[in-house]
Amino acid sequence: MTVRVRFAPSPTGYLHIGGARTAMYNQLFAKAMGGKYILRIEDTDTERSERKYEESQIEDLKWLGITHDEGPDVGGEYGPYRQSERLHIYKTWAEKLIDKGHAYHCFCSEEELTAKKELAEKEKRAPHYDGKCRNLTVEEVTSKLASGEEAVVRFHAQRKAYVFNDYVRGRVVFPEGMVGDFVIMRANGIPVYNYAVVVDDASMKITHVIRAEEHLPNTLRQLMLYEAFSETPPEFAHVSLLIGEDRQKLSKRHGATSVTLYKEMNYLPNALLNYLCLLGWSHPNELDVFNPLELGTLFNLDRFTKAAAIYDVKKLDFINGQHIKALPIETILTEVEKTIPSTHQFHKMDHEWKIACVTIFKDQINFFQDFASHLDVLFTTEVSTSADYLEAKSWETTPKIREYLEGEINIAIVAGKKFVTVEDYNIWSEHVKGELKIKGKQLFMGMRSVLTHQAHGPELKFIIPLTPIEILEKRIHL
RNA sequence: GCACCCAUCGUCUAGCCCGGCCUAGGACACUGCCUUUUCACGGCGGCGACUGGGGUUCGAAUCCCCAUGGGUGUACCA
């Protein structure tokens, strides 16, 4: 039997990182098992569902590199993949249930129901439906329906315990009497979540349901439904929740929770996935930095943690930096270029210069946009006010270095050079050492203070050949 | 309220199922040293946890019970 898994988001907002994580786990499992990963849109909440959210979610999934084998946009043999287009299916399946005596029409009004519920709570009884409409005769039902009375379809819940085995939770027991007869079809003919899920998962031949832990209690109703349909339930894996610092389920007030935001903040999709993957799952070789999409058969359902994970992006930033470092230099250049203001002199430089520049700074950034700030050491004519700098400047050897370098730079300018070379720089430092007899700290710090007006920075032999000569000239006269 | 789930460094986690190899391992963050005559990178260290109490056992982070804490659910939302 081929493995079939699905991710089933509601198009009521942008793709949430928790959703992205679930989608990823599903796809990884499908990949590891050589199965299929299906995207299904659960838009039965007609009030809040919007097509634009469906589109943006699919787009974000695509950005992350999570692609489905079947779905509303790509089709497949188990379609349609949008619940709003499957209404006829839910209706037929509900009729089957009614025929078999597993479900019935219920005409109770909302007022009646809330009154009973309040009474039950007051008397400390479980607020379950009392089954008033359960024993209506076929004639009564048809006449009520014919007279236009509104009716929902209610499932007749069995009084028995349900047990199932969860890949991450282990053996889960739902004792008898946890739920009463629950609604499966609303009065307007739209199915309720727990029912639609079962009809879809069964008819789409889903073999494994990997979803967040908040769905664990739903499993009971779903198990009841599978039983009534005489369908074998899928295997379940209820993955631990992502929570905020306050230990509550992650939501908008916890900050950046939508994938779109991470895309905008310039995170690498693989880095985000890598981080999300590690929240509740561990690599068999205890790796921290890897590309989840390339896990292959290394991914399995045995390595999930049961406890909820606090979503804290500090490690994500680190992982992003690691992923950047692993990128080909040309790719880093392209990405980095997008983040530098269009008026910046960087863009006027030739390719070779840019590559050299990226090579120097790429190990120091966690984000592409961090790069621009490192460029200052090549272009700025600002003077440091740090104590270290002032000290280096006050040495009696420093003016001698300045005087010498001023001459050298003038020569280079007259010769028409736009940049000095590493060789030039080496000659300079040899001269300062040999002729001026300045060495050690006085040499290096002295040259740095004269050439950059800073006390610290990347190695001079790397940055000086990349600094435009007119900048060097300006600095030497400051 | 009721039901269900969970509990290892500040955070993510390994170990737990099949008790001894755990003076509890790794990563992020923080921090010290080394290296690079600076900074960063890197390397090597440091800080830092088995929620509490009972039991079972020669031996418990690992098994059992209770307590505590936290979470989720309890809809004609998903």
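Calculation rules
Residues numbered from 1 in each chain as written. Chains lettered and ligands numbered in written order. Predicted model: local features only at pLDDT ≥ 70, side-chain atom pairs only at ≥ 80, totals over all residues. Heavy atoms only, no water. Near = heavy atom within 4 Å. Polar contact = N/O pair within 3.5 Å; in protein donor to acceptor, adjacent residues only side chain to side chain. Helix = DSSP H or I, 4+ residues; strand = E, 2+ residues; numbered from the N terminus. 1 Å grid on protein atoms, 1.4 Å probe; cavity = no way out; pocket = protein on both sides within 12 Å on 5 of 7 lines; lining within 4 Å. Points joined across faces, edges and corners; volume = space filled by probe spheres on them. Nonpolar A, V, L, I, M, F, W, Y, C, P; charged D, E, K, R; others polar. pLDDT = per-residue confidence, 0-100. Buried < 20%, exposed > 50% of the residue type's maximum accessible area, 1.4 Å probe, protein only. Disulfide = S-S within 2.5 Å. Pairing = 2+ DSSP bridges. Domains from an automatic or database assignment. Buried area = accessible area lost by both parts, 1.4 Å probe. Salt bridge = Lys/Arg side-chain N within 4 Å of Asp/Glu carboxyl O. Arc of directions from axis to C-beta. Contact = heavy atoms within 4.5 Å. Axes fitted to C-alpha atoms, helices over the stretch in contact; angles between N-to-C directions.

Q: Hey, could you go over the protein's contact with RNA strand B for me, with residue numbers and the actual values?
A: Not every one of the 55 residues close to RNA strand B is listed here, only the nearest: Arg186, Gln248, Gly440, Phe444 and His456. Taking the atoms of RNA strand B that fall within 4 Å of the protein, sugar and phosphate contribute 71% of them. The contact in question runs from a sugar or linking oxygen of RNA strand B to an N or O atom on the side chain of Arg169, over 3.5 Å. For the surface near RNA strand B, the elements supplying multiple residues, two or more each, are helix H6 (193–203), strand E11 (309–310), helix H10 (314–325) and helix H18 (441–452).

Q: An account of the layout of surface pockets is needed here, citing residue identities and associated values.
A: Approximately 1200 Å³ is the volume attributed to the largest pocket. Taken together, 40 residues line the largest pocket, and the ones lying closest to its centre are Ser10, Thr12, His16, Gly19 and Glu214. Ranked by residues supplied to the lining of the largest pocket, first place goes to helix H1 (residues 17–33) with five residues. The class makeup of the residues in the lining of the largest pocket is 13 nonpolar, 17 polar and ten charged.

Q: Which residues make up the confidence of the model for chain A, and what values go with them?
A: Caution applies to low-pLDDT parts of the model: their predicted coordinates are not meant to be read in detail. Here chain A shows a mean pLDDT of 90. Residues at 70 or above account for 100%. Model confidence for the complex is summarised by a pTM of 0.92, with the ipTM given as 0.93.

Q: Describe the environment of Asp73, listing the residues and the values that go with them.
A: For Asp73, the position within the fold is in the loop between helix H2 (51–64) and helix H3 (87–99). Judged by relative accessible area, Asp73 falls into the partly exposed class, the value being 45%. C-alpha of Asp73 to C-alpha of Leu216: the two residues are 143 residues apart in sequence and 29 Å apart in space. Here His68 takes part through its side chain, which lies 2.8 Å from a polar atom of the side chain of Asp73.

Q: Before we move on, could you go through the state of the cysteines and cite the residues and values that matter?
A: Counting across every chain of the model gives zero disulfides. Just so you know, Cys106 is unpaired, no disulfide at all, and the nearest cysteine sulfur is the one on Cys108, 3.8 Å from it. The exposure class assigned to Cys108 is buried, which follows from its relative accessible area of 12%.

Q: Please provide a residue-by-residue account of the pairing of strand E6 (residues 170–174), values included.
A: One ladder, built from five bridges, connects strand E5 (residues 162–166) with E6; its direction is antiparallel. When the bridges of E6 are listed, Val163 appears paired with Val173. Between E5 and E6, which pair antiparallel and follow one another directly, the connecting turn spans three residues.

Q: Mind laying out the domain arrangement of chain A, listing which residues take part and the relevant values?
A: Splitting chain A by domain gives domain 1 (252–325) and domain 2 (329–476). The C-alpha centroid of domain 2 is placed 37 Å from the C-alpha centroid of domain 1. Sorting the residues of domain 1 by area buried against domain 2 places Asn266, Ile324 and Lys325 first, and these three jointly supply 64% of that buried surface. Where domain 1 packs against domain 2, one counts zero salt bridges. Summed over the shared surface of domain 1 and domain 2, the number is four residue pairs in polar contact (both at pLDDT 80 or more). Partitioned by chemical class, the residues of the side of domain 1 that touches domain 2 number five nonpolar, three polar and two charged.

Q: Could you give me a rundown of the pattern of salt bridges, with the residues and numbers involved?
A: As enumerated under the stated definition, the model contains 29 salt bridges in all. Taken together, the salt bridges that share partners define one network made up of Arg6, Arg40, Glu42, Arg86, Asp200 and Asp201.

Q: I'd love a proper account of empty space enclosed by the protein, names of residues and values included.
A: In total, this model carries one cavity of 30 Å³ or more according to the counting rule given. Lining the largest cavity are Arg21, Thr22, Tyr25, Ile210, Arg211, Ala212 and Val239. Those elements giving two or more residues to the lining of the largest cavity turn out to be H1 and strand E8 (208–212). Residues of the lining of the largest cavity, tallied by class, amount to four nonpolar, one polar and two charged.

Q: A description of helix H11 (residues 329–339) should follow, citing residues and the corresponding values.
A: Among the residues of H11, those classed as buried are Ile332, Leu333 and Val336. Viewed along the axis of H11, the buried residues span an arc of 100°, placing them on a single side of the element. Here the buried face of H11 lies against H10, helix H12 (351–361) and helix H13 (371–374).

Q: Any details on the sheet that holds strand E4 (residues 152–155)? Residues and values, ideally.
A: Taken in spatial order, the three strands make up an open sheet running E3-E4-E7, and their pairing is antiparallel. Only two strands of the sheet have a single partner each, and these edge strands are strand E3 (103–106) and strand E7 (183–185). For this sheet the average axis-to-axis angle between neighbouring strands, irrespective of direction, equals 45°. Pairing analysis gives two bridges linking E4 to E7, with the strands arranged antiparallel. Bridging from a neighbouring strand, Arg154 pairs with Val183 of E7.

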